[in-house]
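Structure assessment
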Amino acid sequence: MHDRRSWFVLSMLCFGFAFLYVPILSMVVYSFNASRLVTVWDSAHSPTLAWYVELFHNSEIMEAARLSFRIASVNATGAVILGTLAAFALERYRRFRGRGLFSLLTTAPMVLPEVITGLSLLLLFVVLEPLIGARGATTITIAHMTFSMAYAIVVIQARLATVDRSLEEAAMDLGARPWKVFAVITLPLIAPAIASAWVLSFILSWDDIVITSFVSGPGSTTLPQYVFSKVRLGVSPDINALATILVLIVSVAVIVAGTYMMRRDQRRIRDAQVALGAGG
Amino acid sequence: MNAVQTPAAARGGAPYVRLEGLTKRFGDFVAVRQVSLDIARGEIFCLLGASGCGKTTLLRMLAGFETPTEGSIWIDGVDVTHVPPYERPVNMMFQSYALFPHMTVAQNVAFGLRQDGTAKSEIDGRVHEMLAMVQLDGYDKRKPHQLSGGQRQRVALARALVKRPKLLLLDEPLGALDKKLRERTQFELVSLQERLGVTFVIVTHDQEEAMTLASRIGVMRAGEILQVGTPTDIYEFPGSRFVADFIGSVNMVEGRLVEDEPDHVRIQCEQLGCMVYVDHGVSAPPDAPVAVAIRPEKIQLSREQPPGTDNLLAGRVTGVAYLGDATRYLVQLPNGFQLRVTAPNVSRREERFEQDDAVWLSWHPSSPVVVTR
Ligand SMILES: Nc1ncnc2c1ncn2[C@@H]1O[C@H](COP(=O)(O)OP(=O)(O)OP(=O)(O)O)[C@@H](O)[C@H]1O
Ligand SMILES: [Mg+2]
């Protein structure tokens, strides 16, 4: 009875993982395929790194990747700065009238349909054209910041809520002015959340296509836009190679971050035990 | 009422801290109500009261974290009511210690000095001096989470004292310590205070702690200060039913003044079934309802009937609790009313009473405290 059940659980687990990772895995495998036809495995000449080489010689892709990277970085930095300020105001400023409404308004972009956000931003940028210039990298960045900021606020505010207020009060009591308190006490304590918010904002911007399509201009094609336009003409193997590289980067980042966090937790537990052992 | 001690002004010298009609409201809720108080330089003043009576709120107003709704705060002759916390000559030790988790012990202690732009060499010297004083030398490189509860508490104390504040506020400073460590630290605190000459305002809900530490105690209830006095005053001459009941253990009986002379009074107590004779006057209208408070340790038990007729009752022991230094008895009167009696265990072969023993209870005419409020 017990055995049958555990077999059931195990097969469900395998099925779940297969559902999640088979598409990605097949993409990785086919990126080493020599054939130009994506669906045909050319066993004579595979595996090959030809598509990877081609990728780096394709100046269009590299240009798009560079643009995406620039937009994502600027977006993440801006979203985190604005998000920190907003989270601080919502969490630390004494209860003001309409605080609940503000809270709702800052997180609304998360649930708003992207098409609506994109359309409204497009209309806005058309009106503002004399002021901020033609649509392009700048407008994409601004558009990305509007929704990245919402996520940043949620992440940072959650962390801020766990920071003991008496720490800030203690710093003030010892003579630190409010800005100093923020810089040397609050900021270091919410730094992990700020880092996660930055990464999250970066990724949101990096793979956004719907809103980007609305607000991008002729001269600015981000990586997702490029991939999308290529795929419409038929999937080509160099896209597989590109995707594989991206998957690799993400995996490495996740593994490094995970190991670091685990090490830190273990160290914390050990330190706490040392302290208890030392006694009063 | 002789319970209220003469404040510092009468002992010469202006009060160091003066609170005038201090009130704090949170919406409709009054957390602190019309508190006026003088605290002398170098005093250890304890705020004592049950949970939620406004002790922390009052302390936070002194530190500057809460703005009073009404009233004013004067420190050393300066009105600081609207001075922000970082400009007050006051430091606070927090109930939760509030050590900065991302800084080492040394950095925590140095924090206050760094805000003042003190020279680096002087900071190092003073931090080590301070850590030595709280017996934590060698711990300067540790982070707070690498310390035990008692060590954290000492770091918090060092951090609050390193700026040499004139006024130190302590919010339940010993709350997290076990009984032994707590008693030792209490005496350390007192000796530290005497050495440094700092004025302490300590919040506690532990009356024993207040009695040990304080030069004066302020008893709070529901945002008000009911009585201010030395520990002896508060214990021996409580001004109200609440104070008598709150501090220590007490037998409280209702009564009616039947004989009211300047040098003595007689009070008819239905619950005791006898007259209580008190050898001092009471300022209450005749026939007024009063309460008589008798401390358990001020009642004597005996097997033989003592001489005299006043303040004498017969009863039966219904409960015995041996505590080591004293024995606590529960004695039931013929009418069913129960009195608590504590007898010190002076010698090992002392006469002790057993369950169901018939005993006589008596007390000195000076022992009962008569309160009208
Ligand atoms: N910021 C606030 N907003 C609303 N009510 C508050 C606030 N701070 C305190 N109170 C209320 O004021 C009352 C007094 O609180 P305070 O913290 O001063 O109690 P305390 O005497 O220190 O109690 P304890 O011994 O439990 O620490 C409490 O009833 C509390 O609920
Ligand atoms: Mg409190």
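Residues numbered from 1 in each chain as written. Chains lettered and ligands numbered in written order. Predicted model: local features only at pLDDT ≥ 70, side-chain atom pairs only at ≥ 80, totals over all residues. Heavy atoms only, no water.

Focus: the overall build of chain A
- From N to C terminus, chain A includes 12 helices and zero strands.
- The secondary structure elements of chain A, listed N-terminal to C-terminal, are α-α-α-α-α-α-α-α-α-α-α-α.
- For a compact globule of 280 residues, the expected C-alpha radius of gyration is about 19 Å, and chain A comes in at 24 Å, more than 25% above that figure.
- For chain A, the spread of C-alpha atoms along the principal axes amounts to about 75 × 70 × 40 Å.
- Each of the 280 residues in chain A was classed as buried or not, and the buried ones make up 34%.
- Approximately 16,900 Å² of chain A is accessible, and the part contributed by carbon and sulfur atoms is 72%. (Helix = DSSP H or I, 4+ residues; strand = E, 2+ residues; numbered from the N terminus. Rg over C-alpha atoms; globule rule 2.2 N^0.38 Å. Buried < 20%, exposed > 50% of the residue type's maximum accessible area, 1.4 Å probe, protein only. Areas by Shrake-Rupley, 256 points an atom, 1.4 Å probe, with all protein chains shown as cover.)

Here's the deal with the packing of aromatic side chains
- Summed over the entire model, instances satisfying the criterion amount to 12 aromatic pairs over all chains.
- Aromatic ring contacts, followed pair by pair, group Phe69, Trp198, Phe202 and Trp206 of chain A into a single cluster.
- The aromatic ring of Phe100 of chain B is capped on one face by Arg159 of chain B, whose charged end is 4.6 Å from the ring centroid.
- The side chain of Arg221 of chain B reaches across the aromatic face of Phe242 of chain B, ending 4.8 Å from its centre. (Phe/Tyr/Trp six-rings, centres within 6.5 Å; stacked < 30°, edge-to-face > 60°. Lys NZ or Arg CZ within 6 Å of the ring centre and 35° of its normal.)

Focus on helix α3 (residues 120-133) of chain B
Residue and element names in this part refer to chain B.
- When the terminal C-alpha atoms of α3 are compared, their 20 Å separation across 14 residues agrees well with the 20 Å that a helix rising 1.5 Å per residue should span.
- Among all positions in α3, only Ile123, Arg126, Val127, Met130 and Leu131 are buried. Buried residues of α3, viewed axially, fall in a sector of 135°; they line one side.
- Buried residues along α3 sit in contact with α2 (105-115) and α4 (149-161).
- Trailing α3 by a residue or two, Gln135 shows a phi angle of about 55°, which is positive. (Expected span 1.5 Å × (residues − 1). Arc of directions from axis to C-beta. Contact = heavy atoms within 4.5 Å.)

What about the domain arrangement of chain B?
All names here are of chain B.
- For chain B, the assigned domains are domain 1 (7-244) and domain 2 (249-371).
- For domain 1 and domain 2, the distance between their C-alpha centres works out to 39 Å.
- Contacts between the two partners involve eight residues from domain 1 and, on the opposite side, 12 residues from domain 2.
- In total, about 800 Å² of surface goes out of reach between domain 1 and domain 2, with carbon and sulfur atoms giving 47% of it.
- Area buried by domain 1 at its contact with domain 2 is led by Tyr235, Arg241 and Ala244, which between them contribute 70% of it.
- Across the salt bridge formed by Arg241 and Glu254, the nearest N and O atoms sit 2.7 Å from each other.
- For the pair domain 1 and domain 2, the number of links is five residue pairs in polar contact (both at pLDDT 80 or more).
- When contributions to the side of domain 1 that touches domain 2 are tallied by element, the ones reaching two or more residues are α7 (231-236) and α8 (241-246).
- Here the residues of the side of domain 1 that touches domain 2 sort into four nonpolar, two polar and two charged. (Domains from an automatic or database assignment. Buried area = accessible area lost by both parts, 1.4 Å probe. Salt bridge = Lys/Arg side-chain N within 4 Å of Asp/Glu carboxyl O. Polar contact = N/O pair within 3.5 Å; in protein donor to acceptor, adjacent residues only side chain to side chain. Nonpolar A, V, L, I, M, F, W, Y, C, P; charged D, E, K, R; others polar.)

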